[in-house]
Every structure is written in C-alpha cells, then in structure tokens.
Amino acid sequence: MLTVAVLISGTGSNLRALLEAAADPGFPARVVVVGADRQAEGFAHAEEYGTPTFMVPYAQFDSRQEWGAQLGEQLAVWRPELVVLSGLMRLLPPNLVDEWSPRILNTHPAYLPEFPGAHGVRDALAAGVAQTGASVIIVDNGVDSGPILAQERVPVLPGDDEHTLHERIKPVERRLIIDVVRRVATGELDLAHVAATATP
Ligand code: GAR
C-alpha cells in the first residue's frame, strides 16, 4: 500500500477526491497525512476522513528555507512514500525538492509548459486561448517545469471567467492525479525512471 502525504493551501477539493478514492479498499494507496502552509479550509476534508493533519504556517518563518526545513521535519515524521502538492501555493526550497524529487508530484490547472505559476487559469484566459488543460508533473526546482506524467486538454468556453474555467479544469485534475497515484502505487509508473529519462 503506497503511503501518500498531500499538501494544500486552500479549499482542497482535489484532496477530497483523492481521500475518497483512497477510502476504497481496492485503491492501492492511502493518504496518511494532510499538511498545509496555513489554516486551510481543506483540513475539513481530512478531518471528515479521519486523516491526521499538520500545519507549518509560512507567515511564521523568516525565510522560505526555514519554513521548508520545518515542513521537511513534519514529512519525516510521517514518512510518506509519495508527496502530492494539491493546491499548495508556495514554492518549496531547493533542498526539500532535492530530498523528495521524484517522489513529489504537483497538480496544475493548465496544459504545461503553457501557463506555469500561481495563476495558470487567469493567464490562459488573458492569453485568449481556445483551450487550456490540466497537468500532473514531478516537482523539480523550476516553476512547474518538471517531467509531465499526465495531462489533458480542457476547452475555454465563451463567457468563461477564472472561476467557471477553473471549476471545469479541477475535475480533470482529479481524474489525472488519482490515476497517477494509482499507477505509481501499482508500479505501472516508475517515477525514478521517468525523472532519469526526462529531457531537460
Ligand atoms: C488546483 O487547481 C491546483 O491545481 C491549483 O490549485 C487548485 C487547488 O484547488 N494549484 C496551482 O495552481 C499550483 N500552481 P483545490 O484547493 O480546490 O483542490
């Protein structure tokens, strides 16, 4: 059984989908802990599923480095085999990424490498594209630049605003991350191999 830690910042709707999938006895992974950089709304989902939580409040540290060190200590307590960033709106310090990559994944609401960063949905709308998408990647030390494990296109519809488009992207993200976690758990997807053979 693959053990997974999920890190969030916000509502955690994708986290909830993963918790729901992992509650199925036939699913080969379990969420062992949910962490956040703030008092995230999404903790409520973890509580509902009886999953432990931890918080490392970014605002209480003097630097990203110190915050990341504390986050690393929490992860060391829970020793997950995989970390999923599911709406964690912070860049991790390089030493933490180096420690966990390639066993650390990120979901992103755009078809990477298009529209990386904190405003993937807004940036796609501003660019006036006809379609955007959802991606699941291995986290590396760039901004949403790691190897792509899964992605799918989502059309931009007339009248879309950031909220409506994002809400149409999220179900796709959920499907992709659940499938990626399942494939990692079964060994169908070998993260170390993907990372080693990825083109820079
Ligand atoms: C998701 O769309 C996730 O991909 C995005 O935040 C949302 C979290 O939604 N992450 C990023 O944009 C990271 N750059 P949720 O809290 O409802 O799951």
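Above this text is the structure in question.
The structure reproduced in this document is the subject of the present report. All figures in this text were calculated on a predicted structure; none of them were measured in a lab. Sequence positions are assigned chain by chain, starting from 1 and proceeding in written order. Residue-level local features of this predicted model are given only where pLDDT is at least 70; pairs of side-chain atoms are given and counted only at 80 or more, and the full residue set underlies all totals for whole chains, interfaces and linings. No hydrogens and no water enter the side-chain calculation; it runs on all heavy atoms of the structure.

### Side note on the pattern of salt bridges
Between side chains of opposite charge, a pair can form as their charged atoms come close. For this analysis, a salt bridge means a side-chain nitrogen from Lys or Arg found within 4 Å of a carboxyl oxygen belonging to Asp or Glu. This structure, assessed with the given rule, holds 11 salt bridges. For Arg175, the salt bridge identified is with Glu152, shortest N-O distance 2.9 Å. A residue pair is termed long-range when its members are at least 10 positions apart, and Arg175 in helix H6 (residues 162–186) and Glu152 in strand E7 (residues 148–155) qualify at 23 residues. A 1.4 Å probe rolled over the protein chains alone gives each residue an accessible area, and that area as a share of the maximum for its type sets the label: buried under 20%, exposed over 50%, partly exposed in between. Arg175 gets classed as partly exposed once you look at its relative accessible area, which sits at 46%. The class for Glu152 is partly exposed, based on a relative accessible area of 28%. Here Arg168 ties to Asp160 by a salt bridge, and the two come within 2.7 Å at their closest N and O atoms. In this structure Arg168 comes out as partly exposed when scored by relative accessible area, which is 27%. Counted as one network, the salt bridges with shared partners bring together Asp179, Arg182, Arg183 and Glu188. Strands are runs of DSSP state E lasting at least two residues, helices are runs of H or I lasting at least four, and both sets are numbered from the N terminus onward.

### Some words on the layout of surface pockets
Considered as a void within the structure, the largest pocket measures approximately 890 Å³ in volume. Gly87, Leu88, Met89, Gly117 and Ala118 are the residues nearest the centre of the largest pocket, which is lined by 43 residues in total. For the lining of the largest pocket, the secondary-structure elements that each account for two or more residues are helix H1 (13–22), helix H4 (94–100), strand E5 (104–108), helix H5 (120–127) and H6. The residue inventory of the lining of the largest pocket, partitioned by class, reads 15 nonpolar, 19 polar and 9 charged. Only protein atoms enter the calculation, which uses a 1 Å grid: trapped sets of points that fit a 1.4 Å probe without letting it out are cavities, open sets showing protein on both sides within 12 Å along at least five of seven lines are pockets, and any residue with an atom within 4 Å of a point is a lining residue. Grid points are joined across faces, edges and corners, and a volume is the space filled by probe spheres set on the points. The residue classification treats Ala, Val, Leu, Ile, Met, Phe, Trp, Tyr, Cys and Pro as nonpolar and Asp, Glu, Lys and Arg as charged. All others, Gly included, are polar.

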